[in-house]
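Survey of secondary and tertiary structure
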Amino acid sequence: MTECDVFIIGGGPAGSIAAAKLVQAGYSVELVEKIKFPRFVIGESLLPRCNELLEEAGMLEAVENAGFQFKGGVAFQNEQDDIKVVNFEQNMGQKHNSSFQVRRETFDKLLLDEAEKFGAHVTMESEVTAYNETANVVTVVHKDGSEEKYHAKKVIDASGYGRVLPRLLDLDAGSALALRDAVFCRVEGDIRPTDGTDGYIYVYVVGDNDAWIWNIPLSPTVTSVGIVCSDAYYRSFNMDQKAFWEHIIANDPHAKKRYAKAKRINEVGFIGGYSSNVKKMFGDNFVMVGNATEFLDPVFSSGVTLALESGAKAADLTIKEFKGEAVDWQRDYEDYMMIGVNVFREYVEAWYDGRLQSILFSKTPGADKIERKVVSVLSGYVWDKKNMFVNAPTEAVNATYKALTGVDPY
Ligand code: FAD
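Below or above, wherever it landed, is the structure these notes cover. (Residues numbered from 1 in each chain as written. Predicted model: local features only at pLDDT ≥ 70, side-chain atom pairs only at ≥ 80, totals over all residues. Heavy atoms only, no water.)

1. Details of the packing of helix α2 (residues 48–56) against helix α9 (residues 303–322)
The interhelical angle for the contact between α2 and α9, taken along N-to-C directions, is 25°, at an axis separation of 9 Å. As far as their axial angle goes, α9 and α2 are roughly parallel. Crossing geometry of α2 relative to α9 is assigned as left-handed. Two secondary-structure elements touch here, α2 through Arg49, Cys50, Leu53 and Leu54 and α9 through Val304, Thr305, Leu308, Glu309 and Ala312. Among the residues making up the contact of α2 with α9, the classes are represented as six nonpolar, one polar and two charged. (Axes fitted to C-alpha atoms, helices over the stretch in contact; angles between N-to-C directions. Helix = DSSP H or I, 4+ residues; strand = E, 2+ residues; numbered from the N terminus. Parallel < 35°, antiparallel > 145°, perpendicular 65-115°, else oblique. Left-handed = near helix turned anticlockwise from the far one by under 90°. Contact = heavy atoms within 4.5 Å. Nonpolar A, V, L, I, M, F, W, Y, C, P; charged D, E, K, R; others polar.)

2. A few points about the site of the ligand
Of all residues adjacent to the ligand, which total 37 residues, the nearest are Glu33, Ile42, Ser45, Asn291 and Val304. Here arginine 39 contributes a side-chain N or O atom positioned 3.0 Å from an oxygen atom of the ligand. Tyrosine 161 places a polar side-chain atom, nitrogen or oxygen, 2.8 Å from an oxygen atom of the ligand. Burial of the ligand by the protein amounts to 97% of the accessible area it has alone, namely 1000 Å². Those elements that provide at least two residues to the shell around the ligand are α1 (13–24), β8 (127–132) and α9. Looking at which element gives the most residues to the shell around the ligand, the answer is α9, with three residues. Across the shell around the ligand, the residue classes tally to 18 nonpolar, 13 polar and six charged. (Near = heavy atom within 4 Å. Polar contact = N/O pair within 3.5 Å; in protein donor to acceptor, adjacent residues only side chain to side chain. Areas by Shrake-Rupley, 256 points an atom, 1.4 Å probe, with all protein chains shown as cover.)

3. Regarding the pattern of salt bridges
Scanning the entire structure with this criterion turns up 31 salt bridges. For aspartate 190, the salt bridge goes to arginine 192, with nearest N and O atoms at 3.1 Å. Aspartate 190 gets classed as buried once you look at its relative accessible area, which sits at 10%. Accessibility expressed as a relative area gives 15% for arginine 192, which makes it buried. (Salt bridge = Lys/Arg side-chain N within 4 Å of Asp/Glu carboxyl O. Buried < 20%, exposed > 50% of the residue type's maximum accessible area, 1.4 Å probe, protein only.)

4. Re the packing of aromatic side chains
All chains considered together, the criterion is met by 21 aromatic pairs. An angle of 70° between the planes, with centres 5.9 Å apart, marks the rings of phenylalanine 68 and phenylalanine 107 as edge-to-face. Highlighted residues: phenylalanine 68 in the loop between α3 (60–64) and β3 (69–71) and phenylalanine 107 in helix α4 (residues 104–118), separated in sequence by 39 residues. With respect to burial, phenylalanine 68 and phenylalanine 107 carry one shared label: buried. (Phe/Tyr/Trp six-rings, centres within 6.5 Å; stacked < 30°, edge-to-face > 60°.)

5. A word on the nonpolar core
Here is a general trend for soluble globular proteins: nonpolar side chains tend to be buried in one another's company. By size, the foremost hydrophobic cluster in this structure holds 116 residues, and its most contacted members are Phe7, Ile8, Phe76 and Phe300. Examining the composition of this core, we find that 12 residues originate from one element, helix α10 (residues 329–352), more than from any other. What phenylalanine 300 contacts, discounting residues up to four positions off in sequence, is Leu47, Phe76, Phe344, Tyr347, Val348, Trp351, Leu356 and Leu378. Of all hydrophobic cores here, the second largest spans 22 residues; its members include Ala75, Ala211, Phe244 and Trp245. (Core = buried A, V, L, I, M, F, W, Y, C linked by side-chain atoms within 4.5 Å.)

Written as C-alpha coordinates, this is what we have:
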(Lines give C-alpha, C1' and ligand atoms only; values in the text may rest on other atoms or scores of the structure.)
Protein backbone atom coordinates (compact mmCIF):
# COMPACT_ATOMS: atom_id res chain seq x y z
CA MET A 1 0.00 0.00 0.00
CA THR A 2 1.43 3.39 -1.02
CA GLU A 3 0.62 6.16 1.47
CA CYS A 4 0.14 9.83 0.53
CA ASP A 5 -1.68 12.91 1.74
CA VAL A 6 -3.60 13.41 -1.51
CA PHE A 7 -4.24 11.07 -4.43
CA ILE A 8 -5.22 12.77 -7.70
CA ILE A 9 -6.92 10.95 -10.58
CA GLY A 10 -5.93 12.53 -13.93
CA GLY A 11 -3.33 15.01 -15.16
CA GLY A 12 -5.46 17.56 -17.04
CA PRO A 13 -5.53 21.23 -15.96
CA ALA A 14 -7.76 20.52 -12.93
CA GLY A 15 -5.48 17.78 -11.59
CA SER A 16 -2.25 19.65 -12.26
CA ILE A 17 -3.27 22.89 -10.55
CA ALA A 18 -4.54 20.98 -7.50
CA ALA A 19 -1.28 19.01 -7.34
CA ALA A 20 0.86 22.15 -7.68
CA LYS A 21 -0.94 23.95 -4.86
CA LEU A 22 -0.89 20.98 -2.49
CA VAL A 23 2.80 20.14 -2.86
CA GLN A 24 3.77 23.80 -2.51
CA ALA A 25 1.87 23.78 0.81
CA GLY A 26 4.02 20.84 1.92
CA TYR A 27 1.71 17.86 1.35
CA SER A 28 2.59 14.66 -0.50
CA VAL A 29 0.71 14.10 -3.75
CA GLU A 30 0.42 10.99 -5.91
CA LEU A 31 -1.06 11.83 -9.32
CA VAL A 32 -1.90 8.99 -11.69
CA GLU A 33 -2.63 9.65 -15.38
CA LYS A 34 -4.05 7.05 -17.74
CA ILE A 35 -2.60 8.26 -21.03
CA LYS A 36 0.92 9.00 -22.24
CA PHE A 37 1.47 12.77 -22.64
CA PRO A 38 1.47 14.75 -24.83
CA ARG A 39 -2.12 13.79 -25.67
CA PHE A 40 -4.84 15.68 -27.51
CA VAL A 41 -7.93 16.88 -25.70
CA ILE A 42 -10.52 19.33 -27.00
CA GLY A 43 -10.73 22.85 -25.45
CA GLU A 44 -8.12 25.24 -26.79
CA SER A 45 -9.37 28.74 -25.96
CA LEU A 46 -8.70 30.09 -22.45
CA LEU A 47 -10.22 32.99 -20.51
CA PRO A 48 -8.36 35.71 -18.53
CA ARG A 49 -9.51 34.19 -15.22
CA CYS A 50 -7.27 31.20 -16.09
CA ASN A 51 -4.22 33.49 -15.98
CA GLU A 52 -5.11 34.64 -12.48
CA LEU A 53 -5.56 31.08 -11.20
CA LEU A 54 -2.31 29.95 -12.81
CA GLU A 55 -0.52 32.94 -11.29
CA GLU A 56 -1.80 32.06 -7.80
CA ALA A 57 -0.52 28.51 -8.30
CA GLY A 58 2.92 29.70 -9.44
CA MET A 59 2.37 28.34 -12.96
CA LEU A 60 1.71 31.46 -15.05
CA GLU A 61 5.31 32.30 -15.86
CA ALA A 62 5.86 28.90 -17.47
CA VAL A 63 2.70 29.35 -19.54
CA GLU A 64 3.69 32.88 -20.58
CA ASN A 65 7.12 31.66 -21.65
CA ALA A 66 5.76 28.79 -23.73
CA GLY A 67 4.90 30.95 -26.76
CA PHE A 68 1.16 30.27 -26.90
CA GLN A 69 -1.02 32.43 -29.14
CA PHE A 70 -2.03 35.65 -27.31
CA LYS A 71 -5.82 36.03 -26.95
CA GLY A 72 -7.15 39.55 -26.47
CA GLY A 73 -10.85 38.82 -26.79
CA VAL A 74 -13.70 37.17 -28.63
CA ALA A 75 -15.83 38.17 -31.61
CA PHE A 76 -19.31 36.92 -32.44
CA GLN A 77 -20.59 37.26 -35.99
CA ASN A 78 -23.81 36.11 -37.67
CA GLU A 79 -24.83 35.60 -41.28
CA GLN A 80 -26.57 38.98 -41.32
CA ASP A 81 -23.11 40.44 -40.68
CA ASP A 82 -23.95 41.68 -37.19
CA ILE A 83 -20.71 41.58 -35.26
CA LYS A 84 -19.86 41.95 -31.60
CA VAL A 85 -16.19 42.32 -30.73
CA VAL A 86 -15.43 41.78 -27.05
CA ASN A 87 -12.09 43.15 -25.93
CA PHE A 88 -11.09 41.66 -22.56
CA GLU A 89 -9.55 45.01 -21.60
CA GLN A 90 -13.11 46.34 -21.24
CA ASN A 91 -13.75 44.21 -18.14
CA MET A 92 -14.81 45.55 -14.73
CA GLY A 93 -11.27 46.32 -13.63
CA GLN A 94 -10.18 42.77 -12.91
CA LYS A 95 -6.47 42.09 -12.94
CA HIS A 96 -6.07 39.95 -16.06
CA ASN A 97 -7.45 41.13 -19.38
CA SER A 98 -6.02 38.69 -21.87
CA SER A 99 -5.35 34.98 -22.12
CA PHE A 100 -4.06 32.35 -24.53
CA GLN A 101 -5.20 29.98 -27.25
CA VAL A 102 -3.40 26.70 -26.58
CA ARG A 103 -2.67 23.40 -28.17
CA ARG A 104 -3.89 21.31 -25.25
CA GLU A 105 -1.32 18.58 -25.89
CA THR A 106 1.40 21.18 -25.12
CA PHE A 107 -0.46 23.14 -22.43
CA ASP A 108 -1.54 20.11 -20.37
CA LYS A 109 1.93 18.57 -20.48
CA LEU A 110 3.46 21.87 -19.41
CA LEU A 111 1.15 22.16 -16.39
CA LEU A 112 1.75 18.55 -15.38
CA ASP A 113 5.52 19.01 -15.71
CA GLU A 114 5.26 22.12 -13.51
CA ALA A 115 3.32 20.18 -10.85
CA GLU A 116 6.01 17.50 -10.97
CA LYS A 117 8.78 20.13 -10.61
CA PHE A 118 7.02 21.47 -7.53
CA GLY A 119 7.19 17.95 -6.05
CA ALA A 120 4.11 15.99 -7.08
CA HIS A 121 4.82 12.31 -7.77
CA VAL A 122 3.35 11.62 -11.21
CA THR A 123 2.77 8.15 -12.67
CA MET A 124 1.81 8.04 -16.34
CA GLU A 125 0.01 5.36 -18.35
CA SER A 126 -1.65 3.96 -15.25
CA GLU A 127 -5.39 3.71 -14.78
CA VAL A 128 -7.54 4.08 -11.70
CA THR A 129 -9.91 1.11 -11.80
CA ALA A 130 -11.50 0.97 -8.33
CA TYR A 131 -12.11 3.10 -5.25
CA ASN A 132 -13.01 2.05 -1.71
CA GLU A 133 -14.65 5.15 -0.30
CA THR A 134 -14.72 4.06 3.35
CA ALA A 135 -11.07 3.01 3.50
CA ASN A 136 -10.10 5.76 1.02
CA VAL A 137 -8.07 3.31 -1.00
CA VAL A 138 -7.61 3.68 -4.77
CA THR A 139 -6.67 0.76 -7.03
CA VAL A 140 -4.40 1.50 -9.98
CA VAL A 141 -3.43 -0.80 -12.84
CA HIS A 142 -0.04 0.15 -14.27
CA LYS A 143 1.09 -0.10 -17.88
CA ASP A 144 2.82 -3.47 -17.23
CA GLY A 145 -0.44 -4.90 -15.83
CA SER A 146 0.67 -4.79 -12.18
CA GLU A 147 -1.79 -3.51 -9.58
CA GLU A 148 -0.99 -1.01 -6.85
CA LYS A 149 -3.15 0.29 -4.01
CA TYR A 150 -2.86 3.82 -2.67
CA HIS A 151 -4.17 5.08 0.66
CA ALA A 152 -4.76 8.85 0.90
CA LYS A 153 -6.23 11.31 3.38
CA LYS A 154 -8.07 12.93 0.47
CA VAL A 155 -8.80 11.75 -3.08
CA ILE A 156 -9.31 14.34 -5.81
CA ASP A 157 -11.01 13.10 -8.96
CA ALA A 158 -9.77 15.20 -11.90
CA SER A 159 -10.44 12.53 -14.52
CA GLY A 160 -12.35 14.84 -16.88
CA TYR A 161 -14.25 12.99 -19.58
CA GLY A 162 -13.13 9.72 -17.86
CA ARG A 163 -15.59 10.55 -15.02
CA VAL A 164 -13.99 7.95 -12.76
CA LEU A 165 -15.71 8.56 -9.40
CA PRO A 166 -19.07 9.53 -10.92
CA ARG A 167 -19.02 6.10 -12.61
CA LEU A 168 -17.59 4.07 -9.71
CA LEU A 169 -19.82 5.69 -7.06
CA ASP A 170 -22.93 6.01 -9.23
CA LEU A 171 -22.88 9.80 -8.98
CA ASP A 172 -23.51 10.58 -12.65
CA ALA A 173 -26.55 12.75 -13.31
CA GLY A 174 -27.83 13.54 -16.77
CA SER A 175 -27.38 17.06 -18.09
CA ALA A 176 -30.51 19.14 -18.63
CA LEU A 177 -28.89 20.69 -21.70
CA ALA A 178 -29.80 19.46 -25.18
CA LEU A 179 -27.65 16.78 -26.85
CA ARG A 180 -25.07 18.55 -29.03
CA ASP A 181 -22.16 17.44 -31.21
CA ALA A 182 -18.86 19.03 -32.22
CA VAL A 183 -17.03 18.32 -35.49
CA PHE A 184 -13.53 19.81 -35.64
CA CYS A 185 -10.03 19.85 -37.09
CA ARG A 186 -6.98 22.11 -37.55
CA VAL A 187 -6.15 24.00 -40.71
CA GLU A 188 -3.16 25.93 -41.98
CA GLY A 189 -3.20 29.14 -44.01
CA ASP A 190 -6.50 30.82 -43.13
CA ILE A 191 -7.01 34.51 -43.88
CA ARG A 192 -7.04 36.36 -40.55
CA PRO A 193 -8.75 39.66 -39.67
CA THR A 194 -6.40 42.62 -40.08
CA ASP A 195 -7.98 44.95 -37.49
CA GLY A 196 -5.97 43.69 -34.50
CA THR A 197 -8.39 40.85 -33.67
CA ASP A 198 -6.36 38.17 -35.47
CA GLY A 199 -5.60 36.41 -32.13
CA TYR A 200 -9.25 36.48 -30.99
CA ILE A 201 -11.54 33.48 -31.03
CA TYR A 202 -14.23 34.17 -33.66
CA VAL A 203 -17.63 32.55 -33.23
CA TYR A 204 -19.73 32.47 -36.41
CA VAL A 205 -23.45 31.85 -35.97
CA VAL A 206 -24.61 29.49 -38.73
CA GLY A 207 -27.98 30.02 -40.39
CA ASP A 208 -30.79 30.93 -38.06
CA ASN A 209 -28.78 29.84 -34.98
CA ASP A 210 -28.76 26.25 -36.26
CA ALA A 211 -25.10 25.84 -35.37
CA TRP A 212 -21.96 27.86 -34.65
CA ILE A 213 -18.36 27.64 -35.75
CA TRP A 214 -15.34 28.21 -33.52
CA ASN A 215 -12.22 29.74 -35.09
CA ILE A 216 -9.31 29.51 -32.65
CA PRO A 217 -5.92 30.70 -33.93
CA LEU A 218 -3.22 28.51 -32.38
CA SER A 219 -0.21 30.14 -34.06
CA PRO A 220 0.33 32.71 -36.83
CA THR A 221 -0.64 30.05 -39.41
CA VAL A 222 -2.61 27.28 -37.71
CA THR A 223 -6.27 27.55 -36.64
CA SER A 224 -8.62 25.16 -34.89
CA VAL A 225 -12.04 25.14 -36.60
CA GLY A 226 -15.00 23.38 -35.04
CA ILE A 227 -18.71 23.21 -35.73
CA VAL A 228 -21.14 22.79 -32.83
CA CYS A 229 -24.82 21.93 -33.40
CA SER A 230 -27.67 19.84 -32.10
CA ASP A 231 -27.38 16.13 -32.78
CA ALA A 232 -30.59 16.34 -34.83
CA TYR A 233 -29.10 19.07 -37.06
CA TYR A 234 -25.92 17.04 -37.64
CA ARG A 235 -27.91 13.92 -38.49
CA SER A 236 -30.20 15.81 -40.86
CA PHE A 237 -27.26 16.15 -43.30
CA ASN A 238 -26.72 12.38 -43.46
CA MET A 239 -23.00 12.99 -44.01
CA ASP A 240 -19.92 11.61 -42.30
CA GLN A 241 -18.02 14.04 -40.08
CA LYS A 242 -15.48 15.07 -42.74
CA ALA A 243 -18.13 15.75 -45.39
CA PHE A 244 -20.25 17.65 -42.84
CA TRP A 245 -17.29 19.83 -41.74
CA GLU A 246 -16.38 20.61 -45.36
CA HIS A 247 -19.99 21.35 -46.30
CA ILE A 248 -20.60 23.79 -43.44
CA ILE A 249 -17.26 25.58 -43.95
CA ALA A 250 -17.82 25.86 -47.72
CA ASN A 251 -21.32 27.31 -47.28
CA ASP A 252 -20.99 29.70 -44.36
CA PRO A 253 -20.35 33.19 -45.77
CA HIS A 254 -17.59 34.07 -43.28
CA ALA A 255 -15.93 30.65 -43.08
CA LYS A 256 -15.81 30.25 -46.83
CA LYS A 257 -13.80 33.49 -47.14
CA ARG A 258 -11.53 32.79 -44.16
CA TYR A 259 -10.67 29.26 -45.26
CA ALA A 260 -10.65 29.80 -49.04
CA LYS A 261 -6.95 28.91 -49.29
CA ALA A 262 -6.55 26.91 -46.06
CA LYS A 263 -5.54 23.25 -45.89
CA ARG A 264 -6.67 20.74 -43.30
CA ILE A 265 -3.67 19.41 -41.37
CA ASN A 266 -5.33 16.61 -39.39
CA GLU A 267 -8.32 14.30 -39.48
CA VAL A 268 -11.77 15.70 -38.74
CA GLY A 269 -12.71 14.68 -35.18
CA PHE A 270 -16.12 14.22 -33.58
CA ILE A 271 -17.35 14.42 -30.01
CA GLY A 272 -21.00 14.18 -29.08
CA GLY A 273 -23.18 14.26 -25.99
CA TYR A 274 -20.46 15.87 -23.88
CA SER A 275 -22.66 17.82 -21.45
CA SER A 276 -22.69 16.09 -18.06
CA ASN A 277 -23.57 16.57 -14.43
CA VAL A 278 -23.14 14.88 -11.02
CA LYS A 279 -25.48 14.24 -8.08
CA LYS A 280 -22.91 15.74 -5.69
CA MET A 281 -19.34 17.00 -5.99
CA PHE A 282 -17.78 15.64 -2.79
CA GLY A 283 -17.92 12.99 -0.07
CA ASP A 284 -16.26 12.59 3.33
CA ASN A 285 -12.97 11.53 1.75
CA PHE A 286 -13.09 12.74 -1.85
CA VAL A 287 -13.82 15.75 -4.02
CA MET A 288 -14.43 15.93 -7.76
CA VAL A 289 -13.08 18.77 -9.89
CA GLY A 290 -13.14 19.98 -13.50
CA ASN A 291 -15.03 18.00 -16.09
CA ALA A 292 -15.46 15.11 -13.66
CA THR A 293 -18.28 17.29 -12.23
CA GLU A 294 -20.53 19.29 -14.55
CA PHE A 295 -19.70 20.27 -18.11
CA LEU A 296 -22.06 22.69 -19.82
CA ASP A 297 -21.18 23.71 -23.36
CA PRO A 298 -18.16 25.04 -25.24
CA VAL A 299 -19.69 28.27 -26.61
CA PHE A 300 -18.06 30.60 -24.07
CA SER A 301 -14.80 28.62 -23.65
CA SER A 302 -15.48 28.19 -19.94
CA GLY A 303 -14.31 24.56 -19.49
CA VAL A 304 -10.65 25.04 -18.58
CA THR A 305 -11.50 28.07 -16.45
CA LEU A 306 -13.94 26.00 -14.38
CA ALA A 307 -11.45 23.12 -14.28
CA LEU A 308 -8.68 25.38 -12.92
CA GLU A 309 -11.04 27.17 -10.52
CA SER A 310 -12.37 23.92 -9.04
CA GLY A 311 -8.94 22.26 -8.89
CA ALA A 312 -7.48 25.27 -7.12
CA LYS A 313 -10.47 25.60 -4.77
CA ALA A 314 -10.43 21.90 -3.85
CA ALA A 315 -6.70 22.13 -3.09
CA ASP A 316 -7.11 25.28 -0.94
CA LEU A 317 -9.93 23.69 1.09
CA THR A 318 -8.02 20.42 1.51
CA ILE A 319 -5.04 22.38 2.86
CA LYS A 320 -7.37 24.17 5.30
CA GLU A 321 -8.84 20.87 6.43
CA PHE A 322 -5.37 19.32 6.91
CA LYS A 323 -4.48 22.30 9.12
CA GLY A 324 -7.46 21.48 11.35
CA GLU A 325 -9.61 24.42 10.21
CA ALA A 326 -13.33 23.87 9.67
CA VAL A 327 -14.39 23.31 6.07
CA ASP A 328 -18.01 23.06 4.99
CA TRP A 329 -17.61 21.34 1.62
CA GLN A 330 -21.21 22.00 0.62
CA ARG A 331 -21.00 25.74 1.23
CA ASP A 332 -17.31 26.38 0.61
CA TYR A 333 -16.91 24.13 -2.44
CA GLU A 334 -20.06 22.95 -4.19
CA ASP A 335 -22.18 26.07 -3.58
CA TYR A 336 -19.20 28.27 -4.46
CA MET A 337 -18.57 26.42 -7.73
CA MET A 338 -22.26 26.55 -8.64
CA ILE A 339 -22.24 30.37 -8.51
CA GLY A 340 -19.89 30.47 -11.50
CA VAL A 341 -21.41 27.45 -13.25
CA ASN A 342 -24.88 28.99 -13.03
CA VAL A 343 -23.72 32.28 -14.58
CA PHE A 344 -22.35 30.36 -17.57
CA ARG A 345 -25.46 28.13 -17.63
CA GLU A 346 -27.70 31.20 -18.05
CA TYR A 347 -25.43 32.58 -20.78
CA VAL A 348 -25.42 29.21 -22.59
CA GLU A 349 -29.21 28.89 -22.42
CA ALA A 350 -29.65 32.51 -23.52
CA TRP A 351 -27.21 31.91 -26.40
CA TYR A 352 -29.20 28.97 -27.77
CA ASP A 353 -32.66 30.51 -27.25
CA GLY A 354 -31.46 33.74 -28.87
CA ARG A 355 -31.73 36.19 -25.93
CA LEU A 356 -27.99 36.61 -25.59
CA GLN A 357 -27.44 37.16 -29.29
CA SER A 358 -30.10 39.91 -29.20
CA ILE A 359 -28.10 41.49 -26.36
CA LEU A 360 -24.68 41.05 -27.98
CA PHE A 361 -25.73 42.27 -31.43
CA SER A 362 -27.99 45.06 -30.12
CA LYS A 363 -27.63 48.45 -31.72
CA THR A 364 -30.01 50.07 -29.20
CA PRO A 365 -28.47 53.12 -27.55
CA GLY A 366 -27.46 52.27 -23.99
CA ALA A 367 -26.25 48.75 -24.79
CA ASP A 368 -22.74 49.91 -23.97
CA LYS A 369 -23.81 50.52 -20.35
CA ILE A 370 -23.77 46.81 -19.63
CA GLU A 371 -20.70 46.21 -21.81
CA ARG A 372 -18.18 45.85 -18.98
CA LYS A 373 -20.40 43.44 -17.08
CA VAL A 374 -20.81 41.19 -20.13
CA VAL A 375 -17.08 41.35 -20.87
CA SER A 376 -16.35 40.42 -17.27
CA VAL A 377 -18.50 37.27 -17.54
CA LEU A 378 -16.95 36.38 -20.91
CA SER A 379 -13.51 36.78 -19.27
CA GLY A 380 -14.41 34.10 -16.71
CA TYR A 381 -14.90 36.44 -13.77
CA VAL A 382 -18.11 34.71 -12.76
CA TRP A 383 -17.66 35.06 -9.00
CA ASP A 384 -17.45 38.86 -8.95
CA LYS A 385 -20.35 39.95 -6.76
CA LYS A 386 -20.15 43.50 -8.15
CA ASN A 387 -21.60 42.11 -11.38
CA MET A 388 -25.41 41.81 -11.67
CA PHE A 389 -24.97 38.84 -14.01
CA VAL A 390 -23.25 37.00 -11.13
CA ASN A 391 -25.72 37.92 -8.42
CA ALA A 392 -28.88 37.06 -10.37
CA PRO A 393 -27.96 35.61 -13.79
CA THR A 394 -31.45 34.91 -15.16
CA GLU A 395 -32.99 38.15 -13.92
CA ALA A 396 -30.06 40.19 -15.23
CA VAL A 397 -30.12 38.57 -18.69
CA ASN A 398 -33.90 38.96 -18.97
CA ALA A 399 -33.92 42.57 -17.75
CA THR A 400 -31.15 43.46 -20.21
CA TYR A 401 -32.93 41.66 -23.04
CA LYS A 402 -36.18 43.50 -22.29
CA ALA A 403 -34.47 46.88 -21.99
CA LEU A 404 -32.71 46.44 -25.35
CA THR A 405 -35.45 44.75 -27.39
CA GLY A 406 -38.65 45.88 -25.69
CA VAL A 407 -39.78 42.22 -25.59
CA ASP A 408 -40.69 40.58 -22.29
CA PRO A 409 -38.96 37.17 -22.20
CA TYR A 410 -41.10 35.85 -19.35
P1 FAD B 1 -9.31 16.64 -18.85
O2 FAD B 1 -8.63 17.72 -19.58
O3 FAD B 1 -10.26 15.77 -19.60
O4 FAD B 1 -8.21 15.73 -18.16
C5 FAD B 1 -8.56 14.56 -17.45
C6 FAD B 1 -7.42 13.57 -17.47
O7 FAD B 1 -7.79 12.43 -16.67
C8 FAD B 1 -7.10 13.02 -18.85
O9 FAD B 1 -5.74 13.27 -19.18
C10 FAD B 1 -7.43 11.55 -18.76
O11 FAD B 1 -6.55 10.74 -19.53
C12 FAD B 1 -7.27 11.26 -17.28
N13 FAD B 1 -8.04 10.08 -16.85
C14 FAD B 1 -9.28 9.73 -17.25
N15 FAD B 1 -9.63 8.55 -16.69
C16 FAD B 1 -8.59 8.16 -15.90
C17 FAD B 1 -8.35 7.03 -15.08
N18 FAD B 1 -9.27 6.03 -14.95
N19 FAD B 1 -7.17 6.95 -14.41
C20 FAD B 1 -6.24 7.92 -14.55
N21 FAD B 1 -6.41 9.01 -15.34
C22 FAD B 1 -7.56 9.14 -16.00
N23 FAD B 1 -12.77 24.49 -22.66
C24 FAD B 1 -12.17 25.69 -22.75
O25 FAD B 1 -11.72 26.23 -21.73
N26 FAD B 1 -12.02 26.32 -23.96
C27 FAD B 1 -12.53 25.80 -25.11
O28 FAD B 1 -12.37 26.39 -26.19
C29 FAD B 1 -13.23 24.56 -25.03
N30 FAD B 1 -13.75 23.99 -26.13
C31 FAD B 1 -14.41 22.80 -26.03
C32 FAD B 1 -15.04 22.25 -27.15
C33 FAD B 1 -15.78 21.07 -27.03
C34 FAD B 1 -16.47 20.51 -28.24
C35 FAD B 1 -15.89 20.43 -25.79
C36 FAD B 1 -16.68 19.16 -25.63
C37 FAD B 1 -15.26 20.95 -24.67
C38 FAD B 1 -14.53 22.14 -24.76
N39 FAD B 1 -13.90 22.69 -23.65
C40 FAD B 1 -13.31 23.92 -23.75
C41 FAD B 1 -13.94 22.03 -22.34
C42 FAD B 1 -12.61 21.33 -22.00
O43 FAD B 1 -12.37 20.30 -22.93
C44 FAD B 1 -12.69 20.71 -20.59
O45 FAD B 1 -13.48 21.51 -19.75
C46 FAD B 1 -11.33 20.55 -19.92
O47 FAD B 1 -10.48 19.74 -20.69
C48 FAD B 1 -11.50 19.94 -18.52
O49 FAD B 1 -10.24 19.73 -17.92
P50 FAD B 1 -10.06 18.59 -16.81
O51 FAD B 1 -8.73 18.79 -16.20
O52 FAD B 1 -11.25 18.58 -15.92
O53 FAD B 1 -10.15 17.22 -17.61
